Structures are given as C-alpha cells and as structure tokens.
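In case you want the letters, here they are:
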Amino acid sequence: CWWARWSLEYGKETFLRAHRMENDPGLYLGKGKRPVYLRPKMANRHGLIAGATGTGKTVSLQILAEAFSERGVPVFMADVKGDLSGIAMSGVEKPGLTKRAAEIGLDDYTLQAYPVTFWDLYGKKGHRLRTTVSELGPLLLARMLDLNDTQEGVLYVTFRLADDEGMLLLDLKDLRAMLNFVGENSKEISIEYGNISKASVGAIQRRLLVLEEQGGKQFLGEPALDIHDFIRTAEDGRGIINILAADQLMQQPRLYATFLLWLMSELFEELPEIGDPDKPRIVFFFDEAHLLFDGAPKALVEKVEQVVRLIRSKGVGIYFITQSPLDVPDKVLGQLGNRIQHALRAFTPRDQKAVKAAAETFRSNPDFSAAEAIQELGVGEALVSTLMAKGTPSVVERTLIRPPSSRLGPAKTAERKEIIANNYLGDRYDTRIDRQSAYEMLSARAEKAAEAAQRSARKEPASKARKSGGRQSVWEAMMKSVARSVGSSFGRQLVRGVLGSLLK
C-alpha cells in the first residue's frame with residue numbers, strides 16, 4: 001500500500017542521511033585546488049559573506065542554508081530581494097548547474113526541496129511576525145525612531161516607570177497612553193526619575209505616528225514571537241529554514257535593521273549556555289548588514305559587539321552578508337572566523353581600500369595574490385577561508401561554489417500559499433489578540449481616581465472646596481496612586497537584558 005511504500009522510502013532516506021552525517025567532513029562549499037568545507041563544530045564562530053552586487057552572494061547563502069538544514073540545524077534568513085523562497089521547492093535541472101557539479105566533483109548532486117517556514121511582518125507572504133513594545137525595549141525603539149539623546153532619555157523614563165509598575169507595553173496605544181501620562185505628570189515624575197521635557201514627549205509621539213504609517217501598528221502587538229518556534233526540525237530531522245519576507249520591509253531600512261537586531265538579542269537572552277557544541281543550535285543570517293551599523297551610536301555598536309562575542313557559547317552562529325568588509329566594524333569583523341569573499345570592483349579609492357582590507361583578512365596562499373584574485377573572480381566563484389579544528393583559519397582558497405539543490409529564484413505565489421496554509425504556526429500567530437496591558441491599566445486607574453476624587457469633593461465643606469478648586473484632577477489623583485506604589489512593587493518589576501529586550 002502507499003503507506004508502506006512511503007514508510008520504506010522515508011526510512012531509507014533517513015538512514016542514508018544519518019550515514020552521510022557520520023562520515024561527514026563538513027559543509028561542502030565548493031572546490032579550489034582541493035575541496036573546501038565548513039566544519040559544523042566551528043560554524044558558531046560566525047562568518048561573513050561579502051561581494052559586489054551580482055557576484056553570487058545569494059547562492060552562497062542558499063547553499064549554506066541547505067547544508068545546515070541537512071545537518072539538523074535550523075536557519076533564519078531575511079529574503080531582501082524575494083528570491084530565496086525557492087529553497088522550499090526542488091531545483092530544476094539546468095546545464096550550467098550540472099556542469100558546475102561535474103567540474104567540482106560533486107558526484108552525489110541531487111535536486112530537492114527543503115523544509116521552510118515563511119514569515120512576514122506585514123502578514124502578506126508569511127505568518128505574522130510580531131513583537132511587543134516591552135520586548136523591543138527602549139534602546140532599540142529609540143534607534144528605530146531616530147531619537148536624539150534628550151528624547152531617548154524621556155523614552156527610558158517611560159519604560160522604567162512602566163517596568164517598575166509591572167505594566168506591559170504591548171502595542172502603540174499602550175506606549176502612547178504611557179507617554180501621555182508621563183507628559184501630563186512630568187513635574188511629579190521628575191522627582192523620582194529625572195527631568196522630563198514635555199516637548200520631547202510631543203516629539204516622540206510624532207515619531208510614533210510616522211512609525212504607525214510605516215506599518216508599526218501591524219508588527220507591534222501580540223501574539224509575540226516565541227523565539228523557540230525558530231528552532232525546530234522537520235519530521236525527517238532536517239532543520240527548518242525560517243525565511244522572513246523582507247522586500248517590503250527593506251523600504252524602511254532602519255526598521256529592518258532594528259527588528260533583526262531584536263531577533264538576535266532574543267536568541268542571546270533566551271537561550272541557555274551550552275559552550276561549543278558539535279553543531280550550532282541555530283544559524284542566523286543578517287543580510288544587508290551595513291544597515292545595522294550605518295549611523296548607529298557608539299553605545300549600540302559596542303552592545304552589538306558584546307552580543308556577537310557572547311552568543312557563540314549559546315550555540316548560535318551569526319553570519320553577516322554585505323557588499324564590503326568595511327561595512328562591518330573592526331571589533332565585530334574580528335569575530336567572523338568563516339569568510340566567503342566574492343568579487344569586488346576597485347573603481348574608486350574606497351573600493352581599493354575595501355579590496356585591500358578583504359585581502360588582508362585572509363591567511364595568504366602562496367599560489368596567488370588575494371588582492372588580485374578578488375578583482376578577477378567570476379560569478380559563482382569566491383575566496384574562502386574557514387576555521388580548522390583548532391580554531392585557526394585555513395589558507396584561503398580560490399573556490400568554485402557548489403550549485404544549490406533547491407530552486408534558484410522565488411517560489412510561485414500558489415506554492416508559497418500552500419506551504420503557509422499547511423503550517424500549524426498559522427493558528428498561533430496569524431490572528432491578533434489584545435489583552436489587558438498599560439492602556440487598560442491606566443484607564444482603569446484613571447476611572448478609580450476620578451470616582452475617588454468625586455467622593456472626596458462631595459464630602460468637603462463648601463469653603464474648602466472653593467479654596468482647593470473643587471476637587472483633584474483625574475491625573476493628579478492618579479499620580480498620587482502611582483506615587484504610592486512606586487518603590488513597593490518589588491517582585492513585579494520587569495528586567496531587561498544587554499540590548500534592552502525584556503527578560504522573560
């Protein structure tokens with residue numbers, strides 16, 4: 001019967017994959033004078049894929065994702081051009097791909113699809129991917145809104161007051177309500193938390209309106225992503241490849257960079273220490289990496305450098321994809337042990353500097369000049385250096401990159417929709433929820449304060465009522481209620497990590 005035949009084929013494929021893993025020298029990247037591999041045990045030492053537009057970075061990213069998936073390692077990547085979705089579909093036989101496979105001695109080259117989960121902040125090309133304002137944190141939100149130092153300070157006070165009171169800021173209406181409260185009661189709050197500028201509160205509110213126009217209302221809210229839903233394997237043991245549709249998101253580059261940085265910080269904060277495993281727990285590809293560092297304040301870059309340095313021990317590999325190594329700060333670049341460098345063109349002084357910088361990062365090969373080779377590389381060819389068993393970089397090899405097994409180019413709309421419809425995560429993430437949070441809590445406090453103020457006014461003598469102006473304002477009564485609870489909410493306070501994200 002069909003069930004018996006399927007079970008037999010499934011068992012055979014699972015056995016063959018396990019056998020290949022036992023005798024696996026590593027992730028096969030291609031061939032120069034000798035085969036070039038990336039050792040799974042060294043994959044959490046991070047990496048860099050660099051090169052000019054059209055030189056083959058996307059294919060290198062695709063074959064790495066396939067190879068990690070084959071070894072049971074989940075992957076996250078952002079699809080900034082819309083052509084990575086083809087990983088979910090089996091490749092198509094093409095003479096160029098077959099020729100490349102034969103040229104590099106890839107005798108077991110087969111075409112196959114890989115297990116994929118599609119995500120989209122806007123919910124159009126994948127399951128909804130959301131986070132809450134509280135989980136994003138003040139540091140990354142200030143970066144997203146491009147706030148100045150004074151405005152950033154006010155935002156920190158707003159988050160601190162909400163955290164101290166155990167108030168969750170889930171969506172934009174929660175944050176607006178909290179900012180309104182801070183602005184209306186700036187004098188009283190300043191005594192406890194430092195100076196508050198009403199002008200800064202207004203400026204932040206205006207920036208939030210812009211963020212809402214850019215789609216902030218859609219991706220700030222609940223249900224928020226559980227990062228463990230990225231770390232899954234398919235029934236056959238292959239790692240799930242999580243693909244974020246980022247073609248629309250890339251129209252807001254600061255938003256794109258901030259959101260991916262939040263995802264990276266979630267992995268860092270949520271996963272336990274495991275040292276150096278035999279293979280990564282998950283590999284995170286950060287495409288268009290220059291957007292993360294362009295104009296970023298020094299304090300943020302230092303925190304990113306700290307996260308990249310420490311996240312290795314949590315079994316997470318971070319791979320930056322960009323045009324030039326100069327796009328990545330030196331302290332971060334120094335931690336990227338595995339390098340795939342595609343062609344660079346030295347048309348300008350900056351280009352020449354980039355070529356020189358890229359060449360100098362490699363362990364030299366006496367057979368050729370790396371600086372000259374970088375300018376001569378063809379499409380699908382790269383200089384590759386990976387970490388060896390003791391953590392030292394291998395001699396750089398001029399490498400013909402292997403062809404991918406999955407489809408080159410995007411999946412069709414119908415194919416993508418079918419994969420999305422058959423994924424159980426849709427039930428978890430595609431319907432928005434709105435539970436009690438700061439907006440509702442502040443509204444409830446305001447109502448109680450108003451009722452208390454009215455009762456107090458009715459009991460006051462007429463002369464005292466005239467002297468006091470009749471009764472307290474709603475906000476005054478509410479502020480007193482908050483002030484009484486500040487400092488007595490220990491145990492309800494919310495705690496934040498290195499990049500300001502909420503520790504759960």
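Everything below is about the structure printed above this text.
A short tour of the structure in this document, coming up. Remember, predicted model here, so these are calculated numbers, not experimental data. (Residues numbered from 1 in each chain as written. Predicted model: local features only at pLDDT ≥ 70, side-chain atom pairs only at ≥ 80, totals over all residues. Heavy atoms only, no water.)

**Here we look at the environment of Phe 159**
For step 1, the next point in the chain: Relative to the helices and strands, Phe 159 is located in helix H5 (residues 149-164).
For step 2, the next point in the chain: In sequence terms Phe 159 and Met 178 are 19 residues apart; their C-alpha atoms lie 8.5 Å from each other.
For step 3, the next point in the chain: Other than its neighbours up to four places away in sequence, Phe 159 contacts Val 133, Ser 134, Gly 137, Pro 138, Leu 141, Leu 169, Leu 175 and Arg 496. (Helix = DSSP H or I, 4+ residues; strand = E, 2+ residues; numbered from the N terminus. Contact = heavy atoms within 4.5 Å.)

**What to know about the side chain of Glu 269**
For step 1, the next point in the chain: One can find Glu 269 in helix H10 (residues 253-270).
For step 2, the next point in the chain: Buried within the structure, Glu 269 lacks any salt-bridge partner; Lys 314 is the closest side chain of opposite charge, at an N-O distance of 5.6 Å.
For step 3, the next point in the chain: Reaching out from Glu 269, the side chain makes a polar contact with the backbone nitrogen of Val 498 at a distance of 2.7 Å.
For step 4, the next point in the chain: Excluding its chain neighbours within four sequence positions, the residues that come into contact with Glu 269 are Lys 314, Gly 497, Val 498, Leu 499, Ser 501 and Leu 503. (Buried < 20%, exposed > 50% of the residue type's maximum accessible area, 1.4 Å probe, protein only. Lys, Arg positive; Asp, Glu negative; His and termini not counted. Salt bridge = Lys/Arg side-chain N within 4 Å of Asp/Glu carboxyl O. Polar contact = N/O pair within 3.5 Å; in protein donor to acceptor, adjacent residues only side chain to side chain.)

**Some thoughts on the nonpolar core**
For step 1, the next point in the chain: Of all hydrophobic cores here, the largest spans 87 residues; its most connected members are Leu 141, Leu 211, Tyr 256 and Phe 320.
For step 2, the next point in the chain: Ranked by the residues each element gives to this core, the list is headed by H10, at eleven residues.
For step 3, the next point in the chain: If we skip the residues at most four places from it in the chain, Leu 141 touches Val 133, Leu 136, Leu 155, Phe 159, Leu 175 and Leu 211. (Core = buried A, V, L, I, M, F, W, Y, C linked by side-chain atoms within 4.5 Å.)

**As for the environment of Lys 314**
For step 1, the next point in the chain: Take Lys 314: it is sitting in the loop between helix H12 (298-310) and strand S9 (316-322).
For step 2, the next point in the chain: Each C-alpha atom, one on Lys 314 and one on Glu 269, is 9.4 Å from the other, the two residues being 45 residues apart in sequence.
For step 3, the next point in the chain: Polar side-chain contacts of Lys 314 include one of 2.5 Å to the backbone oxygen of Phe 268.
For step 4, the next point in the chain: Here the side chain of Lys 314 touches Leu 271 through a polar contact of 3.1 Å, landing on its backbone oxygen.

**Topic: the packing of aromatic side chains**
For step 1, the next point in the chain: This model, assessed by the stated rule, comprises 13 aromatic pairs.
For step 2, the next point in the chain: On the numbers, 5.2 Å between centres and 25° between planes, the contact of Phe 76 with Phe 230 is stacked. Taken together, the residues Phe 76 in strand S4 (residues 75-79) and Phe 230 in the loop between helix H9 (216-219) and strand S7 (241-245) connect sequence positions 154 residues apart. Each member of the pair, Phe 76 as well as Phe 230, carries the same accessibility label: buried.
For step 3, the next point in the chain: Among the aromatic side chains, those forming a connected cluster through ring pairs are Phe 76, Trp 119, Phe 230, Tyr 256, Phe 284, Phe 286, Phe 293, Phe 320 and Tyr 429. (Phe/Tyr/Trp six-rings, centres within 6.5 Å; stacked < 30°, edge-to-face > 60°.)

**Digging into the pairing of S9**
For step 1, the next point in the chain: With seven of its seven residues buried, S9 lies for the most part within the structure.
For step 2, the next point in the chain: Side-chain alternation along S9 places Val 316, Ile 318, Phe 320 and Thr 322 on one buried face and Gly 317, Tyr 319 and Ile 321 on a second face that is also buried.
For step 3, the next point in the chain: Judged from the four bridges that link them, strand S3 (residues 47-50) and S9 form a sheet pairing that is parallel. Opposite Ala 50, over in S9, you have Thr 322 as the bridge partner. (Pairing = 2+ DSSP bridges.)

**What about the pattern of salt bridges?**
Side chains that carry opposite charge are capable of pairing whenever their charged atoms lie near each other.
For step 1, the next point in the chain: The final tally for this structure, using the stated rule, is 21 salt bridges.
For step 2, the next point in the chain: Between Asp 247 and Lys 125 there is a salt bridge, with the nearest N and O atoms lying 2.6 Å from each other. Taken as a pair, Asp 247 in the loop between S7 and H10 and Lys 125 in the loop between strand S5 (116-120) and strand S6 (127-128) lie far apart in primary sequence, 122 residues in all.
For step 3, the next point in the chain: Given a relative accessible area of 29%, Asp 247 falls into the partly exposed group.
For step 4, the next point in the chain: Judged by its relative accessible area of 32%, Lys 125 falls in the partly exposed class.
For step 5, the next point in the chain: Bridged by salt links that share partners, the residues Asp 171, Lys 173, Asp 434 and Glu 440 form one connected network.

**Some details on the side chain of Glu 415**
For step 1, the next point in the chain: Residue position: Glu 415 is located in helix H16 (residues 413-421).
For step 2, the next point in the chain: At a separation of 2.8 Å, a polar atom in the side chain of Glu 415 contacts the main-chain amide nitrogen of Lys 412.
For step 3, the next point in the chain: In contact with Glu 415, other than residues within four places in its own chain, are Met 89 and Arg 407.

**Some remarks on the sheet that holds S6**
For step 1, the next point in the chain: Reading across from one edge, S2-S1-S12-S11-S10-S3-S9-S8-S4-S7-S5-S6 is the order of the twelve strands in this open sheet, with mixed pairing throughout. In this open sheet, the two edge strands, each paired with only one partner strand, are strand S2 (35-38) and S6.
For step 2, the next point in the chain: For strand S11 (residues 381-385) and strand S12 (residues 397-401), the ladder comprises four bridges, and the chain directions are antiparallel. Within the sheet, the bridge partner assigned to Ala 382 lies in S12 and is Thr 399.
For step 3, the next point in the chain: Here H10 sits on the sheet in contact with S4, S7, strand S8 (282-287) and S9, set at roughly 165° to S8. (Axes fitted to C-alpha atoms, helices over the stretch in contact; angles between N-to-C directions.)

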